[in-house]
Amino acid sequence: MTGTRIAALGHYQPAKVLTNHDLAAMVDTSDTWISSRVGIKTRHMAGPDEPVDELAAHAGAKALASAGLTPADIDLVLVATSTAIDRSPNTAARVAARLSMGSPAVMDLNVVCAGFTHALATADHAVRAGSASRVLVIGADKMTAITDWTDRSTCVLVGDGAGAAVVVAGGADEEPGIGPVLWGSVPEMGHAVRIEGSPPVFAQEGQSVYRWATTQLPPIARQVCERAGVTPEELAAVVLHQANLRIIEPVAQKIGAVNAVIARDVVDSGNTSAASIPMALSKLVDRGEIPSGAPVLLFGFGGNLSYAGQVIRCP
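Anyway, here's the lowdown on the structure attached to this text.

About the cut-offs
- Residues numbered from 1 in each chain as written.
- Predicted model: local features only at pLDDT ≥ 70, side-chain atom pairs only at ≥ 80, totals over all residues.
- Heavy atoms only, no water.
- Helix = DSSP H or I, 4+ residues; strand = E, 2+ residues; numbered from the N terminus.
- Buried < 20%, exposed > 50% of the residue type's maximum accessible area, 1.4 Å probe, protein only.
- Contact = heavy atoms within 4.5 Å.
- Polar contact = N/O pair within 3.5 Å; in protein donor to acceptor, adjacent residues only side chain to side chain.
- Pairing = 2+ DSSP bridges.
- Axes fitted to C-alpha atoms, helices over the stretch in contact; angles between N-to-C directions.

### A closer look at the environment of Q310
Phase 1: Here Q310 shows up in strand β14 (residues 306-313).
Phase 2: Residue class for Q310 comes out buried when judged on its relative accessible area of 0%.
Phase 3: The spacing of Q310 and R5 is 305 residues in sequence and 12 Å in space, taken between C-alpha atoms.
Phase 4: Not counting residues within four places of it along the chain, the set of residues in contact with Q310 comprises T117, L120, A121, I178, G179, P180, V181, V224, V296, L297 and L298.
Phase 5: One polar contact links the side chain of Q310 to the main-chain carbonyl oxygen of T117, over a distance of 3.2 Å.

### A word on the sheet that holds strand β6 (residues 134-142)
Backbone hydrogen bonds are what pair the strands of a sheet, in a parallel or an antiparallel way.
Phase 1: The strand order across the open sheet formed by five strands is β1-β7-β6-β4-β5, and the pairing between neighbours is mixed. Here the strands that pair on one side only, and so sit at the sheet edges, are β1 (4-12) and β5 (105-109). Sheet twist, expressed as the average angle between the axes of neighbouring strands with direction ignored, equals 20°.
Phase 2: Pairing geometry for β6 and strand β7 (residues 160-169), over nine bridges, is antiparallel. For L136, the partnering residue across the bridge sits in β7 and is V166.
Phase 3: Across the sheet, helix α4 (residues 91-98) touches β4 (76-80), β5 and β6, and the angle it forms with β5 is around 135°.
Phase 4: Against the sheet, helix α10 (residues 276-286) engages β1, β6 and β7, with an angle of about 95° to β1.

Written as structure tokens, this is what we have:
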């Protein structure tokens, strides 16, 4: 089996920006309250004519262009999302159609906020097993479409967007660019983050999620580093699911990544669920904040309560 690597990244956000002051005109909240509780300042909001697959296709096209590949070069499309309205054609198939791909395998993965890191591991496994050669992996969510805009505890959190990565086989003499995944869940606590009902609505037990994330996840993230043969001190960057700044900062500190850039895209983008990790990583790379080849911890967590993480080498 050969190793894999991320060849390129891309991201996309809708043009409309919703500020904390905008939200204060809609519900009983304020910029001070939101900033102090979750650290979010702005978020992007897709319009009614911008479905999840459109967001995903934009991000995917940017990643392909950055990798120097055409849509026809892709033989597997994986889309992590929990907010697609239609079940068939699935989001991956709709992305393939939008990008005029050939005949790729198309699969959606619904692991909510941990979706992208699950999808990235699946792409890594597919290439290693020889069942795919070039994979387009996308995390995309339109959280504003499933939000109760009268609930100030959740409506202040969410945003829309997409992030994408192109996964390819590594060279025979190259160090693997995608490390072993460590994944799991806490099924008995699945009720803590929910998207339920008809129409579906996002709800969560904020304190339960906060306690779980800040106490249980740091040792798991350190195990991810151990599996990759990297110490936390060697990490150049840590990209956690962008749920809440009050979760991101203490978890990163407890991991012990003292020399790492910590992704804080949640401040500008809100919680975009499966899109948050690839979007934050793509922005860091675009800004030149991570050297090519440097080790980066990706760690998703959230609904179900699920988690998945791996150490990658920055493209």
